[in-house]
Amino acid sequence: MRVDLFAGIPVRDRATAVAWYERLFGTGPSFLPNDAEAVWEIAEHRYVFIEVRPENAGHAIHTLFVSDFDSRMGEIAARGLTPAKRETYENGVRKATFRDPDGNEIGYGGMPA
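This section reports on the structure supplied with the text. (Residues numbered from 1 in each chain as written. Predicted model: local features only at pLDDT ≥ 70, side-chain atom pairs only at ≥ 80, totals over all residues. Heavy atoms only, no water.)

With that settled, the discussion passes to the packing of aromatic side chains. Ring pairs (aromatic) are described by centroid distance and by the angle formed between their planes. In this structure the tally under the stated criterion is seven aromatic pairs. Ring geometry for phenylalanine 98 and tyrosine 108: centres 6.3 Å apart, planes at 85 degrees, overall edge-to-face. Taken together, the residues phenylalanine 98 in strand β6 (residues 94–99) and tyrosine 108 in strand β7 (residues 105–110) connect sequence positions ten residues apart. Across the pair, tyrosine 108 and phenylalanine 98 agree in class, each one buried. (Phe/Tyr/Trp six-rings, centres within 6.5 Å; stacked < 30°, edge-to-face > 60°. Helix = DSSP H or I, 4+ residues; strand = E, 2+ residues; numbered from the N terminus. Buried < 20%, exposed > 50% of the residue type's maximum accessible area, 1.4 Å probe, protein only.)

Printed below as a string of structure tokens:
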């Protein structure tokens, strides 16, 4: 069974959000389906999209678990973003949480160092 994922993030302003997510993901959107959305394919058949929905902006919480946590954090830092919060859990799993301009949380998790 194949599963495709579209994880949505409500934002107030598309242009502002696109600029921020380009820095987070290191690339422009994979496609722009309409004037209110922008979509990034973060892995095969797995997408994160922003959508202009001001009444809901700031309420999304997503975590992407990646195998290249350290290099990913370095790449994101080189693009000028720093996590709002860093955590290491008792089992050694690490998490860095970023907040977009609307306050939405998007985290990256990684295996113990």
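This part is about the side chain of asparagine 104. With respect to the element layout, asparagine 104 can be found in the loop between β6 and β7. A polar contact of 2.9 Å, which involves the side chain of asparagine 104, links it to the backbone nitrogen of alanine 60. There is a polar contact of 2.9 Å between the side chain of asparagine 104 and the side chain of aspartate 100. Sequence-distant contacts of asparagine 104, that is, excluding residues within four places in its chain, are made with Ile9, Pro10, Val11, Tyr21, Ala57, Gly58, His59, Ala60, Phe98 and Arg99. (Polar contact = N/O pair within 3.5 Å; in protein donor to acceptor, adjacent residues only side chain to side chain. Contact = heavy atoms within 4.5 Å.)

With that settled, consider the nonpolar core. Formed by 23 residues in total, the largest nonpolar core has its most connected members in Tyr21, Leu24, Phe25, Ile50, Phe98, Ile106 and Tyr108. Among the secondary structure elements, those contributing two or more residues to this core are β1 (5–11), α1 (14–25), β2 (37–43), β3 (46–52), α2 (69–78), β6 and β7. Of all the elements, α1 adds the most residues to this core, at six residues. Not counting residues within four places of it along the chain, the set of residues in contact with tyrosine 21 comprises Ile9, Gly26, Thr27, Trp40, Ile50, Asp100, Asn104 and Ile106. (Core = buried A, V, L, I, M, F, W, Y, C linked by side-chain atoms within 4.5 Å.)

Moving on to the sheet that holds strand β5 (residues 85–88). The strand order across the open sheet formed by four strands is β4-β7-β6-β5, and the pairing between neighbours is mixed. Both outer strands of the open sheet, β4 (61–65) and β5, are each paired with one neighbouring strand and no more. The sheet shows a mean angle of 20 degrees between the axes of neighbouring strands, taken without regard to direction. Strand direction decides the pairing type here: β5 and β6, joined by four bridges, are antiparallel. Its bridge partner being in β6, glutamate 87 is matched across the sheet by lysine 95. Sheet contacts for α2: β5, β6 and β7; angle to β6, the most-contacted strand, approximately 25 degrees. (Pairing = 2+ DSSP bridges. Axes fitted to C-alpha atoms, helices over the stretch in contact; angles between N-to-C directions.)

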